[in-house]
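Inside the fold
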Amino acid sequence: MKDILILLAHPKLEDSRINNALLEAAKTLPNVRVHDLYDMYPDFNIDVVYEQEILFGHEVVIWQHPFYWYSAPPILKQWIDLVLEYNWAYGPNAFALREKTILNALTAGGSREVYCAEGRNHYTVSEFLRPFEQTARLCGMNYLPPFSVMGANKIKGDQIRQCQEEYINLLKWLSTSEADVIAKDSCQFINDLDIVKKGGQS
Ligand SMILES: Cc1cc2nc3c(=O)[nH]c(=O)nc-3n(C[C@H](O)[C@H](O)[C@H](O)COP(=O)(O)O)c2cc1C
């Protein structure tokens, strides 16, 4: 079973409904470690060696965050800037992250409909995530389509429970080797895959 690292970037977790709900679900799985970046580094003073060590020990990495101004909260950028060092994460002598799997798991206030060429936001969520995708690629990582909870400020009750279930299905599936073969462009959101929507792995 693969070990999964959730790098959480939420500056106001105490006010969060959906990221907290997803975390609650994720924490039920023994092979998932949640690493809360704002809690650990309130001054943005990231311990690079420590971060590289825990990355090394996990085969799957998830950048979990609310969508803020079409991107992630700033500590995630700080983490990328500092932790993904030349000749460690990328460059001719960099092997540390190669072949690990990575994706964004995000929550967004906007609905699916507003994230397309004809919609209010003009671009798809995946288009907004291109810098994450290319960063992962440069490091030789296998970047998967995002897990996205859209309309996050409006959903409640059963819809939240459905998202929790999908997140657990995703995490269980990522724990297996089968998830490696999924093509990046096979779906807009990884939630759309039957294996994530309905489950299937024990
Ligand atoms: C500073 C800020 C920027 C935001 N930017 C976006 C955005 O660009 N697109 C969007 O769909 N929602 C945006 N939102 C809404 C958040 O994505 C939404 O409130 C959050 O995902 C809800 O998750 P939570 O309950 O875990 O906090 C923004 C919210 C804040 C506070």
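Keep in mind the model is a prediction, meaning the values are calculated, not measured.

Time to look at the overall build of the protein. Looking only at helices and strands, the protein has 8 helices and 6 strands in total. In the protein, the succession of helices and strands from N to C terminus is β-α-β-α-α-β-α-β-α-α-β-β-α-α. Taking 2.2 N^0.38 as the reference for a compact globule, 202 residues should give roughly 17 Å; the C-alpha atoms of the protein span a radius of gyration of 16 Å, in line with that estimate. Its C-alpha atoms give the protein principal-axis dimensions of about 45 × 35 × 35 Å. Buried positions account for 53% of the 202 residues belonging to the protein. Across the protein, contacts joining residues at least 24 apart in sequence account for 76% of those joining residues at least 6 apart. Surface exposure of the protein reaches about 10000 Å², of which carbon and sulfur atoms provide 50%. Here the protein contributes 19 positive and 26 negative side-chain charges, whose respective centroids are spaced 5 Å apart.

In the vicinity of the ligand, 16 residues are found, and the nearest of them are Ser16, Asn19, Phe67, Thr107 and Tyr115. Within the backbone of Arg17, an N or O atom sits 2.8 Å from an oxygen atom of the ligand. Computed on the free molecule, the ligand has an accessible area of 630 Å², of which 74% lies beneath the protein chains in the complex. When atom positions are compared with the pocket grids, the ligand is found to occupy the largest pocket.

All right, on to the layout of surface pockets then. In this model, the largest pocket occupies a volume close to 340 Å³. What lines the largest pocket is a set of 19 residues, and nearest its centre among them are Pro66, Tyr68, Thr107, Gly109 and Asn153. Here the residues of the lining of the largest pocket are counted per class, giving 9 nonpolar, 8 polar and 2 charged. The calculated volume of the second largest pocket comes to roughly 290 Å³. Those elements giving two or more residues to the lining of the second largest pocket turn out to be β6 (147-149) and α7 (157-174). Residue classes in the lining of the second largest pocket are distributed as 4 nonpolar, 6 polar and 5 charged.

It is worth spelling out the environment of Gly199 at this point. Mapped onto the elements of the fold, Gly199 is located in the segment after α8 (194-197). As for Gly199 and Glu24, which are separated by 175 residues in sequence, their C-alpha atoms are 18 Å apart. The contacts of Gly199, once residues within four sequence positions are left out, are Asn169 and Asp194.

With that out of the way, let us pick up the environment of His35. Here His35 lies in strand β2 (residues 32-36). With relative accessibility at 4%, the residue His35 sits in the buried group. With sequence-adjacent residues up to four places away left out, His35 is seen in contact with Leu5, Ile6, Leu7, Leu8, Met40, Tyr41, Tyr50, Glu51 and Ile54.

Scanning the model with the defined rule gives 1 cavity of 30 Å³ or more in all. The computed volume of the largest cavity comes to approximately 40 Å³. Leu55, Val61, Trp63, Trp79, Leu84, Leu97, Ile102 and Met141 are the residues that line the largest cavity.

Before going further, it helps to spend a moment on helix α4 (residues 74-83). Looking only at α4, the buried set comprises Ile75, Leu76, Trp79, Ile80 and Val83. The arc that holds every buried residue of α4, seen down its axis, measures 145°, which confines them to one face. In α4, the exposed positions that point more than 90 degrees away from the buried face belong to Pro74 and Lys77. Considering only its buried residues, α4 is in contact with β1 (4-8), α2 (37-40), α3 (48-56), β3 (60-66) and α6 (130-138).

Procedures and definitions
Residues numbered from 1 in each chain as written. Predicted model: local features only at pLDDT ≥ 70, side-chain atom pairs only at ≥ 80, totals over all residues. Heavy atoms only, no water. Helix = DSSP H or I, 4+ residues; strand = E, 2+ residues; numbered from the N terminus. Rg over C-alpha atoms; globule rule 2.2 N^0.38 Å. Buried < 20%, exposed > 50% of the residue type's maximum accessible area, 1.4 Å probe, protein only. Contact = heavy atoms within 4.5 Å. Areas by Shrake-Rupley, 256 points an atom, 1.4 Å probe, with all protein chains shown as cover. Lys, Arg positive; Asp, Glu negative; His and termini not counted. Charge placed at Lys NZ, Arg CZ, Asp CG, Glu CD. Near = heavy atom within 4 Å. Polar contact = N/O pair within 3.5 Å; in protein donor to acceptor, adjacent residues only side chain to side chain. 1 Å grid on protein atoms, 1.4 Å probe; cavity = no way out; pocket = protein on both sides within 12 Å on 5 of 7 lines; lining within 4 Å. Sits in = over half its atoms within 2 Å of the grid points. Points joined across faces, edges and corners; volume = space filled by probe spheres on them. Nonpolar A, V, L, I, M, F, W, Y, C, P; charged D, E, K, R; others polar. Arc of directions from axis to C-beta.

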